[in-house]
Amino acid sequence: MFTLNKYQNSQLLIEDLTSHIVNELKQAIVQKGHASIAVSGGKTPIPLFVSLSQQNIEWSRVFITLVDDRWVDDNDDASNEKLVMTHLLQNNAKLANFVGLKNSCDNPFDGAEMTDKMLDKIPMPFDVIVLGMGEDGHTASLFPGAANLAAGLDMKSGRKVVGMTPLTAPLDRITLTLPTILNSKNIYLHLVGESKMQVLEQAEKDHNVNQMPIRAVLQQDKVNVTGFWTAS
Ligand SMILES: O=C(O)[C@H](O)[C@@H](O)[C@H](O)[C@H](O)COP(=O)(O)O
């Protein structure tokens, strides 16, 4: 089921999304002794990362990974790992356990098997996944029309990650597959801007996941998805 929360401004959105995430992580730590979260890259989550990094939780019991990354060095500005290191794994959250998706293989197609094994360190199901959405209807790096999209959406593949060459964005990527994304207690979709609202409305109108892969997350009944939207 998909529910959309709308906020008057970014600050109110960030406060509420932070508090949802913190509550889930704290509850997981009490119940299981640890918590796990996968976050997105891109521009939208930066203020969320800054806010989360300051929260007072037992970060040493929290496992963090990414929903996707670009296959670039971790000092490249396009790297989501760099983004997380710079904005999330700071302050109190320095103590968290981070597992990145990029490895030393030449490309994400050769590297996917190794990344899959690296992800064994992350307790699953995730407690929280924070997704973003592109204006072409992609989420994580499940890109419309991409050659490997079917593999990424295959609920029976047994793979946690696949490589992806987007047709609508630069750089090869590695992405969590749909079954891995849906292997979470909560999915939060973080959206900023009128144009993202229009894309969301379009996504809700039809079922073609090849055109808009975000539909595979919005139109399923395994896990509740909550949208957090503000205009700017
Ligand atoms: O690495 C990435 O680019 C992401 O994980 C991707 O799925 C992102 O969430 C959307 O492209 C939205 O990006 P913006 O937040 O920059 O609009």
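Preceding this section is the structure that the text describes.
A brief report on the enclosed structure follows. Position numbers for residues start from 1 in each chain and track the written sequence from start to end. Local features are withheld for residues below a pLDDT of 70 in this predicted model, meaning they are given only at 70 or higher, and side-chain atom pairs are given and counted only at 80 or more; totals for whole chains, interfaces and linings count all residues. The side-chain figures draw on all heavy atoms in the structure; neither hydrogens nor water molecules are used.

### Focus on the site of the ligand
Stage number 1. Inspection of the region around the ligand gives 16 residues, with Thr44, Asp68, Arg70, Ala140 and Lys196 positioned closest.
Stage number 2. Under the rule applied, a polar contact is a pair of N or O atoms within 3.5 Å (in protein, one hydrogen donor and one hydrogen acceptor; residues adjacent in sequence only if both atoms are side-chain atoms). Between an oxygen atom of the ligand and a side-chain N or O atom of Thr44, the distance comes to 2.5 Å.
Stage number 3. A distance of 2.7 Å is found between an oxygen atom of the ligand and a side-chain nitrogen or oxygen belonging to His138.
Stage number 4. Using a 1.4 Å probe, the Shrake-Rupley method yields the accessible areas, and only the shown protein chains count as cover for residues. For the ligand, whose free accessible area comes to 420 Å², the fraction covered by protein is 88%. We call a residue near a molecule or strand when any one of its heavy atoms sits within 4 Å of it.

### Brief notes about unusual backbone geometry
Stage number 1. Put simply, Met124 and Pro125 share a cis peptide bond, and its omega is 5 degrees.
Stage number 2. With respect to the secondary-structure elements, Pro125 resides in the loop between α4 (108–118) and β6 (126–131).
Stage number 3. The backbone phi angle of Ala140 is positive, close to 45 degrees, even though this residue is not glycine.
Stage number 4. Each helix is a run of DSSP H or I of at least 4 residues and each strand a run of E of at least 2, with the numbering of both proceeding from the N terminus. Of note, Ala140 is situated in the loop between β6 and α5 (149–153).
Stage number 5. Positive phi, normally seen in glycine, also occurs at Leu171, with a value near 75 degrees.
Stage number 6. In this structure, Leu171 sits in the loop between β7 (161–164) and β8 (173–176).

### Re the packing of helix α1 (residues 10–32) against helix α2 (residues 46–53)
Stage number 1. Running from N to C, α1 and α2 point in directions that differ by 55 degrees, and their axes come no closer than 10 Å. Comparing their axes, α2 and α1 come out oblique. The crossing of α1 and α2 is right-handed. Residues Ile14, Leu17, Thr18, Ile21 and Val22 of α1 touch α2, and the partners they reach there are Pro47, Leu48, Ser51 and Leu52.
Stage number 2. Taken together, the residues that form the contact of α1 with α2 break down as seven nonpolar, two polar and no charged. Axis lines are fitted through C-alpha atoms, for helices just across the contact stretch, and the angle between N-to-C directions can take any value from 0 to 180 degrees. Angular relationships are summarised with four words: roughly parallel below 35 degrees, roughly antiparallel beyond 145, roughly perpendicular across 65 to 115, and oblique for the angles in between. Less than a right angle of anticlockwise turn of the near helix away from the far helix marks a crossing as left-handed, whereas a clockwise turn marks it as right-handed. The criterion used for residue contact is that any of the two residues' heavy atoms lie within 4.5 Å. Under the convention adopted here, Pro, Cys and the residues Ala, Val, Leu, Ile, Met, Phe, Trp and Tyr are nonpolar, Asp, Glu, Lys and Arg are charged, and Gly plus all remaining residues are polar.

### Some remarks on the nonpolar core
Stage number 1. Counting residues in each nonpolar core, the largest one holds 74 residues, and the members touching the most others are Ile21 and Leu189.
Stage number 2. The element that contributes the greatest number of residues to this core is α1, accounting for eight residues.
Stage number 3. Among residues more than four places away in sequence, those in contact with Leu189 are Phe2, Leu131, Gly132, Met133, Leu200, Ile214, Leu218, Val225, Thr226, Gly227 and Phe228. Put simply, a nonpolar core is a bunch of buried Ala, Val, Leu, Ile, Met, Phe, Trp, Tyr and Cys residues held in one set by side-chain atoms that sit within 4.5 Å of each other. Only protein chains enter the accessibility calculation, which uses a 1.4 Å probe. A residue is then buried if its area is under 20% of the maximum for its type, exposed if over 50%, and partly exposed in between.

### Quick look at the pattern of salt bridges
Pairing between side chains of opposite charge can happen when their charged atoms approach one another.
Stage number 1. One side-chain nitrogen of Lys or Arg within 4 Å of one carboxyl oxygen of Asp or Glu is enough to make a salt bridge. Taken as a whole, this structure holds six salt bridges when the rule is applied.
Stage number 2. Linking Lys185 and Glu24 is a salt bridge whose minimum nitrogen-to-oxygen distance equals 3.3 Å. Remark: Glu24 occurs in helix α1 and Lys185 occurs in strand β9 (residues 184–192); sequence separation between them is 161 residues.
Stage number 3. Overall, Glu24 belongs to the buried group, its relative accessible area being 14%.
Stage number 4. A salt bridge links Lys160 to Asp120; the nearest nitrogen and oxygen atoms lie 2.6 Å apart. Remark: Asp120 occurs in the loop between α4 and β6 and Lys160 occurs in the loop between α5 and β7; sequence separation between them is 40 residues.

### Comments concerning the sheet that holds β8
Stage number 1. Read across the open sheet, the three strands follow the order β4-β8-β7; overall the sheet is antiparallel. The outermost strands of the open sheet, each flanked by one partner alone, are β4 (68–70) and β7. Each strand of the sheet is rotated relative to its neighbour by a mean of 15 degrees, with strand direction disregarded.
Stage number 2. Any two strands with at least two DSSP-identified bridges between them are counted as paired. Across three bridges, the pairing between β4 and β8 is antiparallel. Bridge pairing in β8 links Arg70 to Arg173.
Stage number 3. Docked against the sheet, α4 engages β7 and β8, running at close to 165 degrees with respect to β7.

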